[in-house]
Amino acid sequence: MKLFKNRKPTTLLLTMLAVVLVSCSLDTDEINEEQEQQQSTSLADLQGHWIRVGGNNPMNNGLKVNVQNNTGIVVDPQQSGFSAGDVKWDAIFGLGSGEYTHQELGSDYNYYPATIKYGVDDTLRIDVNHSGAGNIQKWVREADFTPQSVFLEELRGNWIRVGGNNPTNNGVVVNVVANTGTITDASLSEFNLGDIKWKEVYALDANSFIYEELGSDYNYYPASMEIGVADTLRISVNYSGSGNIQKWVRQ
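Any chance you could explain the overall build of the chain here in plain terms?
Secondary structure assignment for the chain yields two helices and 16 strands. Counting every position in the chain, which comprises 251 residues, the buried fraction comes to 36%. Considering only intrachain contacts with a sequence separation of at least 6, the fraction spanning at least 24 residues in the chain is 34%. Within the structure as shown, the chain displays about 14,200 Å² of accessible surface, and the carbon and sulfur contribution to it stands at 54%.

Laid out in structure tokens, this is it:
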């Protein structure tokens, strides 16, 4: 009788402990299931193919990423330097109200903390916690992407130089085909027929372009173009010498 009395509190304690453990396990499973469900719902807007169209590293524009669950995988690297199959966006986590955090694969193949904002215009704005080029990005869905060939069509044809801060080169004619501008009339300049005056032209949008400009010293310099009213072309060359400001019109 005495032995039975000593065991009774122990048995009761073990029973209560088992109930608590089972209850905690059920609560944990329910919480995990609820979190997974919330995460799955919050990432729904990101699923599918996205193409990079803007930011402060234009050479990576055109890059295509496919988001599957919480991972964004490179499917078309274009000229970016990444490889197909690279995990560009890793561990995407929804914060609600169209905001997400993730790990961003940089051009140095290191990962950096970053944020994604999903806009009402069905675009993604990415901000990477890193000071290098490419820390600001804009992406659109593949279905909404406009190919370079469409934008570059705006430049197609002959352009004649009519103004700028080096008048001796006025009268030069450049013919644009695809992403290249070739001199077809050198006028009184020191250039030669057939020189590639504008190379690797890249459209930022329908009116803005970046490219490499052939200078009078026969070196290439980064430059930008803007198509304005009256079908004029304004050029700004990233160089301090004369001719870094130019105005062109259609011939």
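Can you walk me through unusual backbone geometry in this structure?
Excluding glycine, most residues fall at negative phi; most peptide bonds, likewise, are trans. For A91, which is not a glycine, the phi torsion comes out positive at approximately 55°. Mapped onto the elements, A91 comes out in strand 4 (residues 87–96). The backbone of Y218 shows a phi angle near 65°, a positive value even though the residue is not glycine. As for its position among the elements, Y218 is in the loop between strand 13 (208–214) and strand 14 (220–227). For Y218, a relative accessible area of 36% translates into the label partly exposed.

For this particular structure, what's the right way to read the side chain of N169?
Mapping N169 onto the fold places it in the loop between strand 9 (157–164) and strand 10 (173–177). With residues near it in sequence (within four places) discarded, N169 still touches R161, S189, E190, F191 and S216.

How do you make sense of the environment of I92 when you look at a structure like this?
For I92, the position within the fold is in strand 4. Taking the C-alpha atoms as reference points, I92 and H102, separated by ten residues in sequence, lie 4.3 Å from one another.

Parameters and conventions
Here the residue numbers are simple positions, counted from 1 along each chain's written sequence. Reporting in this predicted model follows two pLDDT cut-offs: at least 70 for local features of residues, and 80 or more for side-chain atom pairs to be given and counted; totals over whole chains, interfaces and linings ignore these cut-offs and use all residues. With hydrogens and water stripped out, all remaining heavy atoms of the structure feed into the side-chain values. Numbering of helices and strands runs from the N terminus; a helix is a DSSP stretch of H or I covering at least four residues, while a strand is a stretch of E covering at least two. Burial classes follow relative accessibility: with a 1.4 Å probe on protein chains only, a residue under 20% of its type's maximum area counts as buried, one over 50% as exposed, and anything between as partly exposed. In this description, contact between two residues means that some pair of their heavy atoms is separated by no more than 4.5 Å. Working definition of accessibility: Shrake-Rupley area with a 1.4 Å probe, residue cover restricted to the visible protein chains.

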